[in-house]
Amino acid sequence: MSHDLKAPLKSIQGFAKRIDKFSKQENFAPIEGLNQHVILNAEKLDKLVDDIMEIIKAEKMNDLVKEIDFNLISNNLEDDIELLENKQDVQFITNFNHHGNLFCHSHSLYQVLLNLVTNAVKYAKDDIDNSFVKLETSMQSKNLLNITISDNGIGISENMHHRVFTMFFRESSNRSFGTGLGLYLVKKQVENMGGTISFTSNNNGSVFSILLPIQPNNDLR
Amino acid sequence: MSIECNSILVVDDNESDRLLAKFAIEDSGLTGDVYFSNDGKEAINFIGDYDNNKNILNAKYPPTLILLDINMPAMNGFEFLESYEKFNNDERYDSVIILMLTSSHSEDDKKRASQFKTVKGFLTKPIDEDNLRTAFQDAMKEK
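Conventions used here
Residues numbered from 1 in each chain as written. Chains lettered and ligands numbered in written order. Predicted model: local features only at pLDDT ≥ 70, side-chain atom pairs only at ≥ 80, totals over all residues. Heavy atoms only, no water. Core = buried A, V, L, I, M, F, W, Y, C linked by side-chain atoms within 4.5 Å. Buried < 20%, exposed > 50% of the residue type's maximum accessible area, 1.4 Å probe, protein only. Helix = DSSP H or I, 4+ residues; strand = E, 2+ residues; numbered from the N terminus. Contact = heavy atoms within 4.5 Å. Domains from an automatic or database assignment. Buried area = accessible area lost by both parts, 1.4 Å probe. Polar contact = N/O pair within 3.5 Å; in protein donor to acceptor, adjacent residues only side chain to side chain. Nonpolar A, V, L, I, M, F, W, Y, C, P; charged D, E, K, R; others polar.

S.K.: Run through the nonpolar core, naming residues and quoting values.
M.R.: Residues and elements named next belong to chain A. Of all hydrophobic cores here, the largest spans 41 residues; its most connected members are Leu-109 and Ile-147. Listing elements by their share of this core, those giving two or more residues are α3 (70–81), α4 (106–122), β4 (132–141), β5 (144–151), α5 (182–192), β6 (196–202) and β7 (205–213). The element contributing the most residues to this core is α4, with 9 residues. Ignoring any residue separated from it by four or fewer positions in sequence, one finds Leu-109 in contact with Ile-68, Phe-70, Ile-73, Leu-102, Cys-104, Ile-147, Met-193 and Leu-212.

Right under this line is the structure:
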């Protein structure tokens with residue numbers, strides 16, 4: 001784990017030393033390119049720290065238990081994923097078929113759904129024009145809500161399935177966005193809300209399924 | 001000071017680190033072409049495609065030195081080493097030296113890497129050109 005935490009910092013150190021060397025040689029031409037790597041890695045480190053803070057927050061479960069409005073969540077998700085690079089190519093579909101009122105840690109739930117939905121957008125296929133991500137709810141039982149996030153993206157290779165919820169998991173180097181902490185955090189947050197998460201995935205897309213108790217138990221409030 | 005080396009394969013998924021490795025190689029005095037793989041899977045495919053690569057790269061293949069990062073998607077450094085074991089008894093690969101790259105000083109990683117006879121040393125990132133030169137020369141003396 002320390003590799004991944006330190007990696008962007010080590011890159012910054014390396015480029016700073018190079019910039020220093022070129023400055024002393026009064027060779028300024030390469031410096032602009034090297035600066036871009038410093039900026040890129042500083043941004044990576046910033047995001048890494050944010051994700052680690054979210055993990056710490058998830059451990060403490062400080063956010064409020066509130067009644068969840070899925071329509072509001074859906075609107076907020078649409079606003080957030082609008083900012084993603086290839087959002088315009090991916091259709092966001094919702095289908096809410098649950099009944100009863102869900103009470104849970106609202107910030108955590110939103111983070112979970114945001115993570116899963118943005119992953120689906122980021123890993124959409126380049127070569128089709130009907131990419132989608134679908135957020136659906138239904139009742140698994142009287143007290144258990146089923147939330148699924150499904151997509152028709154590139155999917156996760158079967159030999160990587162056992163690693164999906166581990167820290168710093170990244171599928172491939174060609175499409176490795178983010179810090180690799182997203183799904184680890186998702187699982188942690190779901191479990192802290194008293195729920196479970198599972199998934200199926202192949203090269204036709206992925207389906208993440210979350211089961212949450214409608215009412216959190218007293219330990220989780 | 002030039003140190004002869006047929007070619008070097010840098011296996012690292014991080015573009016910044018590949019560039020830093022290239023700088024360190026240039027400053028270390030190691031000669032030879034530098035190739036890059038984005039992860040262990042690409043690297044093992046490159047290593048394994050002997051006839052085709054020998055035909056194209058001739059004396060520059062297989063690489064004399066592999067700089068192998070540990071944490072990579074698809075196939076990490078240790079998974080690469082496990083997959084590379086099949087080449088250990090193939091004399092065509094006798095000249096290959098592997099140095100592992102790491103962002104941390106992990107004794108567990110060193111212990112794990114010591115099980116693989118082709119791993120001749122560790123370099124901590126960012127790679128220092130003097131350390132690279134020394135590690136390569138020490139590994140060559142062992143052969």
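S.K.: Before we move on, could you go through the domain arrangement of chain A and cite the residues and values that matter?
M.R.: Residues and elements named next belong to chain A. With domains assigned, chain A is organised as domain 1 (2–60) and domain 2 (65–219). Here domain 1 and domain 2 have C-alpha centroids that lie 30 Å from each other. Summing both partners gives a buried area of about 970 Å² for domain 1 against domain 2, and 67% of it is carried by carbon and sulfur. For domain 1, the biggest contributors to the area lost against domain 2 are Glu-54, Ile-55 and Ala-58; these three give 47% of the whole. Along the contact surface separating domain 1 from domain 2 lie 1 residue pair in polar contact (both at pLDDT 80 or more). Taken together, the elements giving at least two residues each to the side of domain 1 that touches domain 2 come down to α1 (2–24) and α2 (31–60). Per-element accounting of the side of domain 1 that touches domain 2 gives the leading share, 10 residues, to α2. Residues that form the side of domain 1 that touches domain 2 fall into these classes: 5 nonpolar, no polar and 7 charged.

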